[in-house]
Structure formats: structure tokens, C-alpha cells
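Coordinates in review
What follows is each chain in one-letter form.
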Amino acid sequence: MVLRNWRALGTLMAAVMLIAVACSPAPSTAPTQGAAASSGPAASFVQITPEPIAAGPGPNGGTVVRWFIGLGAGTQPAQIAGEQAFAAAYNGSQKDVYLSLEIVDNTQASNILKTELASGTAPDIIGPVGVEGLNLFADQLLDLKSLIASTGYTSTGVDPALVDFFNSLGQDGATVGLPFAVYPSYIFYNQDLFDEAGLAYPPTKVGDMYEGKPWDLEALRGLAMKLTVDKNGKDATEAGFDAENIVQWGFDAQYMDNYNARAESAWFGAGSFLDADGKTAVIPDYVATSAKWWNAGVWTDHFIPTANQVASDLLGAGSEFASGNLAIDEAHTWFTCCVTPPAPKKPFKFGFAVQPTVNGKITSPLHADTFSILKTTKVPDAAFTALQAMVASGDLLTTYGAMPADTTKQQAWFDSISANFPGLTLDWDVAKAMLAYPDIPNHQSWVPDYAKVRSAMQAFGNAYRTTSGLDIDAELAKLKETLQGIFDAAQ
Amino acid sequence: MAKTSVAIPRPAGAARDGRIHWSPTRREAFWGLIFVGPWIAGFLLFTVGPLIASLVLSLTNFNLVRPDDIQFVGLANYAQLAGDPLVIQGLVVTVKFALIAIPITMAASLGTALLVNSPRLFGRNVFRTLFYMPIQIPLVASTLVWIGFLNTETGWLNKLLAVVGIAGPDWINTAAWVYPALTLIGLWGIGNFMLINLAGLQSVPTELYEAARIDGAGPWKIFRRITIPLMSPILLYNLVISLITTFQYFTQAYVMTNGRGDPNNATLFINLDLYREAFVNNHMGYASAIGWLLFAIVLVLTLVLFLFARKRVYYAGGEA
């Protein structure tokens, strides 16, 4: 019987252990964290030293401010080292605030932050994050106006137009971030393909003509068609051009948010999809112009690749410009990340040109990065103190490879990017010039139920990109109805 | 060795000497419960708990990024379902795909099983392995491979069709061809159903076939009158599982369109719509209602299938 009792005890213990193992969290690669920080999936937190602190005075005696990194840049090993160096220097330089880093996997960051918000354990500061990332948490962001007023904060070295731009990003006019990094958009072109075709490079100065004609949408179309070549070497303007066997394309806007029509139309003009009454859906006129131009460019003029062509090996399975088979790309400053073809292909020469005019006007869609404070913070003053130091940090700009909103710091950034392309002279005046033509309202600015609007715009963009002869006007009427439904539901 | 006694809670009816004198049945039940205990705990925590939570959430307007604004909205989410064009689209897409994919998958898996069960097939085990192998490949990876295979520019399928003079369609970007494309992808992974069908085929008594042949029955008649009836429980099982997995269809559609449901919402399966509402649009309360709608539909369809099975499915040992 004794033996049986032992066996019984052993079995019971095994059962208890099985339950304990089954119900315990997975082994974590993260350090021991405060209750707040540990609420997210532990494996998604990046292990750093010093370990994150959730509350209480920090090692320097200051108020703990939790800085959540992962929504945008900041999770690469080199960036993490830069962030840690900044935090260490900042925490060592004063005793009022202790900046505690929480770095999470970029692919999981949004869900982790949502979980923390839902469980009441959200951090104090988030970022760096783009405008779109901010919009996904729009009504959770603290309006900084009162803190700016009470502290007398001013953005030094930032063009007032850009200050206005940052001030226009929040929901219902809230100021949700201080100027930090900006990414104007313009034309990237493959000089080798231009040289091969014997074509002049596009203009680098606003107002310059191209081959004696205004640098406008029509000029871009003509140029792009000449640079679209079939397997027999004929371009898209020539008789006998074989549209079924294109090997080089003239134009595209790579990485434009999955054919998001709001993004793709942004260089055709700037406007709001929400009327001044805050309830009615409107479709700005330039959206129709844009959709028809894109649709004809893909299906009639063939200078823009189809979705299948974009995904093909000829266009680098999506890395179109780097494939060397795309002549012109409309993109933002950050696109310098992605212009070098993968080995063993040799890098090609490329240059910058200004945006063409549409209806006589230039619009350069602007992307921006900043840091925001969440409404749920219990330490807004300390968080704002840290925020000011973060946006003023040249080291953080360098860490993120971000183009500074502060004009006095821009040249250093231009030099650092140019250093990646030895032998090339990149005309950074183009980028500086395009900053004077931002799209306000921005193509990523807040609208009610931003995520649903974005999906609707992607569906519309996908339709005109993938459907030959699409009835654009009918699709726009449907889009307006869809947007109205979204806005009504959001009321 | 010193004696050690272990105090185990004495159930009612236990002897006064402290020893447990259970009947074998009760003892078996006790130990059975002990051993299934971990599973029951997991089931309660990770299945029943979320089920109840989602039911409660479906009656609220819970938004992941506005947790403080949560309000009880009664059946408003369920009322909204009826008028939501995306939910309706999701259901239409799912049913349309089910009507195309399930019969083809069922027929193909049965056909393959018959093939690899045939004594005339040389290297049967090799073919069985080959047909089963795609199951081992993660869905995301296989879908990415298929996207390349179906590409109109560089994909092999259209190149093969071109060899025989057929201009291949745009499989992925046209609403008319995306279902056949997804069905093709699905056919690649019929190994599981093939294996189940194979087991079913091998369980059919061979003397029935011999008797039928002696009576002059041809292969088709034997298949229709013997194989299919005796396989009917297996086929019903495959049908129910196919139905459930089709209503849970997600990964291939998500990978193929980055979760957008392109072209023109033609791949917005109801499960993809649920995901988008929950984790893209943050409408967790509404997404929970979609989840329960999905559950109700699958439950009803499964019950209908079982009702149908009463008349059409043959159980050799009586109804299961």
C-alpha cells in the first residue's frame, strides 16, 4: 500500500507540474520588467540594459518616463545602441527625469501598444513614429498645446511652415508631436537608363523647363513612355511596341502603401476627404485626375508596371527601382535606403529631380517622424521634459538616419547619406526645395476611423491599378459612399 | 526504508482505516480525471474563457485603443452585421469559395486516394509520400511560392499554358480567376484528406468487391455501390472538416493580398474581415460579434450535414 501511495503522490505531482507548465508563460528573452511592461508578449521585447523600469524613482532619482520604441524606426541593433547611448547620457545629465526604454519587435509593436492601452499599462512616450502610426492611436495622444504654452517651448531652426505642418497632424487640431524629422518627396531617376536612351535628365530646380516644355504631368508621361522598352528594344511611343513583353518601365511610385490611392494621389494635389462640417465625405478633384492617370499609365500607355510585373523578378519582386529596370520613381527622402541593387548586381547612377506640376502647381507629399506623449501618462510634465530633449537630439537623428526638420542640422544629414554613394553627386537642393511644397492637409492626416479609410483607399487604388478600362468616375462614386458610411459609423 | 504515508483526501464512502476502497470504476474515473486535468485546465483557461469573453465583448463597443470608452451596446453589433456590406461580402466570398473548392477538394482527395490505393500503381508508397509532402510546408511559405508560380509575367503556370497555346489569365488580380487560383493552392495540400480516404478505402472488406465482381459488377458500379457507401462516414468527416476550415479560411488570402482582400474585395473572406475589424480597425466588440455569427453559421451547417448523414451515411456497426 505504501508503494501505491508513493505512486499516487508521484502521479499527483506530475499532474500538478503538467498544469503548472501548461499554464506558465513561455520562457522570455526579455529581462525582468515591471508589471506594466511585462503585460505584452515577452518574447517581443528586446533585451536591453539597463532593464526597463515601470514606475518609481529611477536610478538617477528622477521620475520614470517610459519610452516605447518599435512603432517605426528604432529596433535595429545599431539604432538600439544609439537609443541606449542617448538615454544613458540624458539620465546622467540631470536628476529630474529617468528615461526608461522599452524596445519591441516592430512587427508586434502596434499590437503590443494596443494591449498595453487596453490593460491600462501604456507607456508615456511613443516614437519615433510616422504620421500614419500616430493616426492609429489618434485619440490616445496628448495634446501638447498647454505644455508648450506653459514651458514656452519653441522649435528652433524649423521653418514656420513645417511647425504648422506638425501642428496640423492631430485629431481635431491637437498638437501631438514636436518637429523632429521630415521626408519630402520628389523624383528619383536612374541616370544609366536616361544615358542609354539619350534623354536629358529631368529638372532639378522648380520652374525649370524640360526640353523646352513645362515640367508637368504630360512631360513626365512622355518621358516615362520613352523609357519603357520592350524585349525588341522598342519604346512605348514607337509603332510595334510589344506591351506583352516589356523589360524596362518608365515610372512608378514604389512602396506607396499598397496602392493606397490617398498616397498615390498626394502629388496631384492636397485636400481633405472630410468636409468642414466634420461629417460629410468629399472626394477632392485631383483624386480623379490621379486615378485616371495611373490607370491609363498601367493599361493604355504601359509605362507603369502592372501588379504582376511589379511582383516579377524583372522588377526585383517589388524592389522596382533597385532592380535597375525602372527609370523614374516618385518617392520620399527615406527611399535612399532602397536604391542600391542587391549583389551581384552593380549599383547604378541615380539622381534627384523636382516634382512635376499638376495643373500648374507643385505638391510634394511629406512624411514626418516624431515622438508623442500618450494621454494616459501620469507624468506629463516629466514626459514633456524628456520629449524636448529627444526632438533636439542630433544623435537620435543620426541614429535613425532621419532628415532633420531643423534646417541647421540638415547638411550633416545630407552629407551622411551622400557618403553611402561614393562617386555620385546627389543634388540635395531638390529635397530642400520640395520642403516648401508640402501637402497640407497631409495625405496621412487624421480622418475618423483612419484604418478603415485607409483600407478603402487601398481597395480603390488596387482597382485602378489592376483593372484595365476601369470606370473611374463610377468607382469614385462608390468610394464616396464607402467613406460616408465609415464617417457615419464613426460619429 | 522508512514507511511514509500520504494523505489523500478521503472521498465519501472511503473506509475508516484511511485507506481508499473505491470500486474499480470510481478509481478509474478518479485517475482519468487526474490525467485529463491539465487538458481541462487549459480548455477552461484558453478556450472556454476566451469564448465567454468574446461573447461579452460582442455586446460592447470595445475598441482596443480606447479601452476607457467601453460601453454596453446590447445587440447593436449584431444588428450592424446585417447592414455591413463588408460582412455580407465576406459571407458571399466564403460561400462562393466553399461551393467551388470543397467539391473539387473532396473529389481530388478521393481520386488521389483511389490512385495510390491501386495495386496496379508502381511505387505506391513513393506517390503516397509525394502527395502528402506539401502538408509539411508552412502555409505562408507555400502561398508565397504559389504567388510566384501564378505570376502572369514570370510564373511557370502561364508559361506552361502558353506552350499549348493558351493565354493564361491574371490568376491573382482578377475576381473571376482568384477562386480557381486559391482552389489550386488548396489542391496542393490535400494530403491529409487523401490519407484519411486511403485509410477508409483500405477498411472496405475485400470480399465485398470479390462478390460484386462474381456477380458481374463493373468498376464504376463497384465504386458507386460499394466503395462510396462504405466510405460515406469518412466522406462525411472530410466534408465537415472542409466546411469548417473553409469558413476559417485566412492565411492564403491574407498573404496573397497583404490582408486587403483584393481584387475588389474578392478575397475578403469572413475570417479575414473579422481579423481586420479586430486588429486593423480595432473594433474588438464588433469583431467578436462577427466571430459569433461565424460560429452560428458553421454550427447550423454542420447540424444540417449531420441530419443529412442520418439518411445518406452508412455505418457498418450502426449509427455512431
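Residues numbered from 1 in each chain as written. Chains lettered and ligands numbered in written order. Predicted model: local features only at pLDDT ≥ 70, side-chain atom pairs only at ≥ 80, totals over all residues.

**What about the overall build of chain A?**
As a reminder of what qualifies: Put simply, DSSP H or I for four residues or longer makes a helix, DSSP E for two residues or longer makes a strand, and each gets a number counted from the N terminus. Both definitions apply: the radius of gyration is a C-alpha atom measure, and the globule rule equals 2.2 Å times residues to the power 0.38. Counting other C-beta atoms within 10 Å of a residue's own tells you its class, since 20 or more makes it buried, 12 or fewer makes it exposed, and anything in between is partly exposed; those C-beta atoms are placed from the backbone. Residue pairs are scored as contacts if the distance between their C-beta atoms, which are placed from the backbone, is within 7 Å.
Within chain A, the secondary structure is distributed over 17 helices and twelve strands. Scaling as 2.2 N^0.38, a compact globule of 491 residues should have a C-alpha radius of gyration of about 23 Å, and chain A matches this with 26 Å. Once the C-alpha set of chain A is aligned to its principal axes, its extents read approximately 95 × 65 × 50 Å. Classification of the 491 residues of chain A by burial places 47% in the buried group. A separation threshold of at least 6 residues defines the contact pool for chain A, and within that pool the share at least 24 residues apart is 73%.

**Concerning the domain arrangement of chain B**
Put simply, the rule reads: Those domain boundaries reflect an automatic or database domain assignment.
Per the domain assignment, the segments of chain B are domain 1 (24-57) and domain 2 (76-312). Domain 1 of chain B and domain 2 of chain B are separated by 32 Å when their C-alpha centres are compared.

**Some details on the nonpolar core**
Note the cut-off: Each nonpolar core comprises buried Ala, Val, Leu, Ile, Met, Phe, Trp, Tyr and Cys residues, the members being joined through C-beta atoms within 7 Å.
Counting 173 residues, the largest nonpolar core has Val65, Ile125 and Leu387 of chain A as the members making the most contacts within it. Beyond its immediate sequence surroundings of up to four residues, Val65 of chain A is in contact with Val97, Tyr98, Leu99, Ser100, Asp124, Ile125, Val379, Ala382, Ala383 and Ala386 of chain A. Core analysis: the next-biggest nonpolar cluster, separate from the first, contains eight residues, Leu110, Val116, Phe131 and Leu198 of chain B among them.

**Here we look at the sheet that holds strand S8 (residues 229-230) of chain A**
Picture the strands of a sheet paired through backbone hydrogen bonds; they go either parallel or antiparallel. All names here are of chain A. Going by this rule: Here, strands pair whenever DSSP counts at least two bridges between them. Whenever a helix is involved, its axis is fitted only over the stretch in contact; in every case the axis is a line through C-alpha atoms, and angles between N-to-C directions fall within 0 to 180 degrees.
One open sheet holds the five strands; their spatial order is S8-S9-S10-S5-S11, and the pairing between them is mixed. Two strands close off the open sheet at either side, each with one partner strand: S8 and strand S11 (350-353). Two strands pair when backbone bridges link them, and S8 and strand S9 (residues 246-252) are joined in this way by two bridges, in the antiparallel orientation. Looking at the pairing, Val229 lines up with Gln248 of S9. The strands touched by helix H8 (residues 217-226) are S9 and strand S10 (326-332); relative to S9, the strand with the most contacts, the crossing angle is about 160 degrees.

**A few points about the domain arrangement of chain A**
Under the domain assignment, chain A is made up of domain 1 (37-182 + 368-416) and domain 2 (185-365 + 448-490). A C-alpha centroid distance of 32 Å is found between domain 1 of chain A and domain 2 of chain A.

**Looking at the sheet that holds strand S1 (residues 63-69) of chain A**
All names here are of chain A. Pairing within the open sheet is mixed, and its five strands lie in the order S2-S1-S3-S12-S4. With one partner strand each, in any of the chains shown, strand S2 (97-103) and strand S4 (181-183) form the two edges of the open sheet. Averaged over neighbouring strand pairs, the angle between their axes works out to 20 degrees when direction is ignored. Relative to strand S3 (residues 125-130), S1 runs parallel, the two being bridged by two bridges. For Trp67, the partnering residue across the bridge sits in S3 and is Ile125.

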